[in-house]
Amino acid sequence: QVQLVESGGGLVQAGGSLRLSCVRSGRTFSSDTMAWFRQDLGKGREFVAAFNGSDNTTDYADSVKGRFAISRNSAKNTVYLQMNILKPEDTAVYSCAAPCTVIADIQIVCDYWGQGTQVTVSS
């Protein structure tokens, strides 16, 4: 019913850039919030960024503010994550998810997830 397909991951040197894409198919609504998460080996899942469909605002983890940017192309049902000035600590599997709901302004819960795409940043 809902499918999320990600692309754009790869290997990049520190200081470089990558743009991830996530295409959503099935039942979609422009008001849906979409988000990016990441998980490195041995670590828990970490929130990265969200595009709030209800008001078109964006939210970012403190660790990526000023370096990453999330955007959406509504006509293509696609959300992007532009990643700049990449650091080795950005290395992780990045996944997109939708629709998402923010709870108590401190956590986010999402219904469907993509398969994830590997981002590796070398020093």
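Keep in mind that what you see is a predicted model, and the values were worked out from it rather than measured. (Residues numbered from 1 in each chain as written. Predicted model: local features only at pLDDT ≥ 70, side-chain atom pairs only at ≥ 80, totals over all residues. Heavy atoms only, no water.)

(A) Structural detail: the overall build of the chain. When you go through the chain residue by residue, the secondary structure sums to zero helices and eleven strands. Secondary structure of the chain in N-to-C order comes out as β-β-β-β-β-β-β-β-β-β-β. In terms of overall size, the chain behaves like a compact globule, its C-alpha atoms giving a radius of gyration of 14 Å where 123 residues would be expected to give roughly 14 Å. In terms of principal-axis extent, the alpha carbons of the chain reach across some 40 × 30 × 25 Å. Expressed as a percentage of the 123 residues in the chain, the buried residues total 41%. Contacts spanning at least 24 positions in sequence make up 52% of the contacts within the chain whose residues lie at least 6 apart. The centroid of the 11 positive side-chain charges in the chain is displaced by 5 Å from the centroid of its 11 negative side-chain charges. (Helix = DSSP H or I, 4+ residues; strand = E, 2+ residues; numbered from the N terminus. Rg over C-alpha atoms; globule rule 2.2 N^0.38 Å. Buried < 20%, exposed > 50% of the residue type's maximum accessible area, 1.4 Å probe, protein only. Contact = heavy atoms within 4.5 Å. Lys, Arg positive; Asp, Glu negative; His and termini not counted. Charge placed at Lys NZ, Arg CZ, Asp CG, Glu CD.)

(B) Structural detail: the state of the cysteines. What the rule picks out here adds up to two disulfides. Here Cys22 pairs with Cys96 through a disulfide, and the sulfurs are 1.9 Å apart. Around the S-S axis, the bridge from Cys22 to Cys96 shows a dihedral of about 55 degrees and counts as right-handed. With Cys22 in strand E3 (residues 18–26) and Cys96 in strand E9 (residues 92–103), the pair connects residues that are 74 residues apart, well separated along the chain. Like Cys96, Cys22 is buried. The partner cysteine of Cys100 in its disulfide is Cys110, sulfur to sulfur 2.1 Å. (Disulfide = S-S within 2.5 Å.)

(C) Spotlight on the pattern of salt bridges. Summed over the entire model, instances satisfying the criterion amount to five salt bridges. Ionic pairing is found between Asp90 and Arg38, a salt bridge with its closest N-O pair at 2.9 Å. With Asp90 in the loop between strand E8 (78–83) and E9 and Arg38 in strand E4 (residues 33–39), this pair connects stretches of sequence that are 52 residues apart. Note that Asp62 and Lys65 form a salt bridge whose closest N and O atoms lie 3.1 Å from each other. Here Asp62 and Lys65 have matching classes, each one exposed. Within this structure, Arg38, Glu46, Arg67 and Asp90 form a network of salt bridges that share partners. (Salt bridge = Lys/Arg side-chain N within 4 Å of Asp/Glu carboxyl O.)

(D) Up close: the side chain of Asp32. Looking at where Asp32 falls in the secondary structure, it is placed in the loop between E3 and E4. Classification of Asp32 by relative accessible area gives buried; the value is 12%. Non-local contacts of Asp32, meaning those with residues more than four positions away in its chain, are made with Arg24, Phe51, Gly53, Arg72 and Pro99.

(E) A look at the pairing of strand E1 (residues 2–7). Side-chain alternation along E1 places Val2, Leu4 and Glu6 on a buried face and Gln3, Val5 and Ser7 on a face that remains uncovered. In this structure, E1 lies alongside E3, joined through six bridges in antiparallel fashion. Opposite Val5, over in E3, you have Val23 as the bridge partner. (Pairing = 2+ DSSP bridges.)

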